[in-house]
Amino acid sequence: MGLFDKIRGPVFWKESSTATVQLEQLQKLLETATEELRPKIEQEIKMVQAGIHGENQILFELKNSHIPMIVLHDLFLEHEGLSAQIDYLIITRKHIFVVESKNLIGNIEINSSGDFIRTIQWGKKFQKEGLYSPITQNKRHLELIRAIRRDEKSNFVARALFDRSFDETYRSIVVLANPKTYLNARFARKEIKQQVIRADQLSEYIRKTDAEDSSGVISEQVMMELAQFFLDRHKENPRDYTERFQCILKQPEAEEENGEKAKQEEQIRCPRCGAPMVKRTAKKGENAGQEFYGCSRFPQCRGIINIV
């Protein structure tokens, strides 16, 4: 560390999170939700609150790490139709760590194939279920970052050098933020096992990874340029977190409206003979294309009702 360096500990260039926006949207929707929908929204709120708690656990660890680094929290990046929501991007003097935070309930096992299996206890019963691999999820985040950074390189040589050093410079970390979660990774492959840690191990993991790298350190200026690069490309996530609940709310209304419409049509009777009327569309004449109700006994009965 240089004599005149300003970054002597963790510096947060972005600390806000869309999770708080998501929580606010759900809580507002809960106020007008039906009794049938309320439990589903309440369950979603609990999951969001758990996620926020997990991210706060990581924030606490980073703020008390005393490691010179720049932290960007909750980045939303887009590139060529693809997007990535990155929980933490941490820039140190040796590496750029891409952190995926998971506040999982239950015990987690990683088998020899790299599958994540969760066991949850319900009373005396145990339920096992497979989880989408956060390793795979973070790998996709890294590939998007690679594509964004690579496109900034001006020539073939610069891109080749970047590609050669990318896997060493950019490191994936999956952090299990729930302190009650037990992790069993004894059968996992080494490269998988090395990427999954608990929140209280994060600072030591970063410190140890940097110490084991014998390559030269990057300057404070480069650290800030990198942080600014990603901050400039961050976008506000346009997602409406209540959309799927709104669809459920609108569905009964639509069904009721369609049912009422069908009922009205069933009740329409021919003014001449009393038979049911059928909606038709005029094909000829000056009224071509217009809809009307015609007697179902046509051509025996030519009773009609024009639709205004």
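Thresholds applied
- Residues numbered from 1 in each chain as written.
- Predicted model: local features only at pLDDT ≥ 70, side-chain atom pairs only at ≥ 80, totals over all residues.
- Heavy atoms only, no water.
- Phe/Tyr/Trp six-rings, centres within 6.5 Å; stacked < 30°, edge-to-face > 60°.
- Helix = DSSP H or I, 4+ residues; strand = E, 2+ residues; numbered from the N terminus.
- Buried < 20%, exposed > 50% of the residue type's maximum accessible area, 1.4 Å probe, protein only.
- Lys NZ or Arg CZ within 6 Å of the ring centre and 35° of its normal.
- Pairing = 2+ DSSP bridges.
- Axes fitted to C-alpha atoms, helices over the stretch in contact; angles between N-to-C directions.
- Parallel < 35°, antiparallel > 145°, perpendicular 65-115°, else oblique.
- Left-handed = near helix turned anticlockwise from the far one by under 90°.
- Contact = heavy atoms within 4.5 Å.
- Nonpolar A, V, L, I, M, F, W, Y, C, P; charged D, E, K, R; others polar.

Caption draft 1: Broad picture of the packing of aromatic side chains. Tallied over the entire structure, the rule returns four aromatic pairs. Aromatic side chains F162 and F166 sit 5.5 Å apart centroid to centroid with 65° between the ring planes, which places their arrangement in the edge-to-face category. With F162 and F166 both in helix α4 (residues 156-169) and four residues apart, the pair spans about one turn of that helix. Accessibility assignment for this pair places F162 and F166 in one class, buried. These aromatic residues form a ring-pair network of at least three members: F162, F166 and Y170. One residue, R149, lies across the ring of F229, its end atom 4.5 Å from the ring centre.

Caption draft 2: Structural view of the sheet that holds strand β2 (residues 69-79). Taken in spatial order, the six strands line up as β1-β2-β3-β4-β8-β10 in an open sheet, and their pairing is mixed. The outermost strands of the open sheet, each flanked by one partner alone, are β1 (10-14) and β10 (196-198). Each strand axis lies, on average, 35° off the axis of its neighbour in the sheet, ignoring direction. Here strand β3 (residues 82-91) runs beside strand β4 (residues 96-102); their pairing, made up of four bridges, is antiparallel. Among the inter-strand pairings, Y88 is bridged to a residue of β4, identified as V99.

Caption draft 3: A look at the packing of helix α3 (residues 134-151) against α4. One can describe the packing of α3 onto α4 by two numbers: an axis separation of 11 Å at closest approach and a directional angle of 155°. Classed by the angle they form, the pair α3 and α4 counts as roughly antiparallel. Between α3 and α4 lies a crossing of right-handed hand. On the side of α3, the interface is formed by L142, I145, R146, R149 and R150, while α4 contributes R159, F162, D163, F166 and D167. Its residues placed into classes, the contact of α3 with α4 shows four nonpolar, no polar and six charged.

Read these as geometric descriptors, not functional statements.
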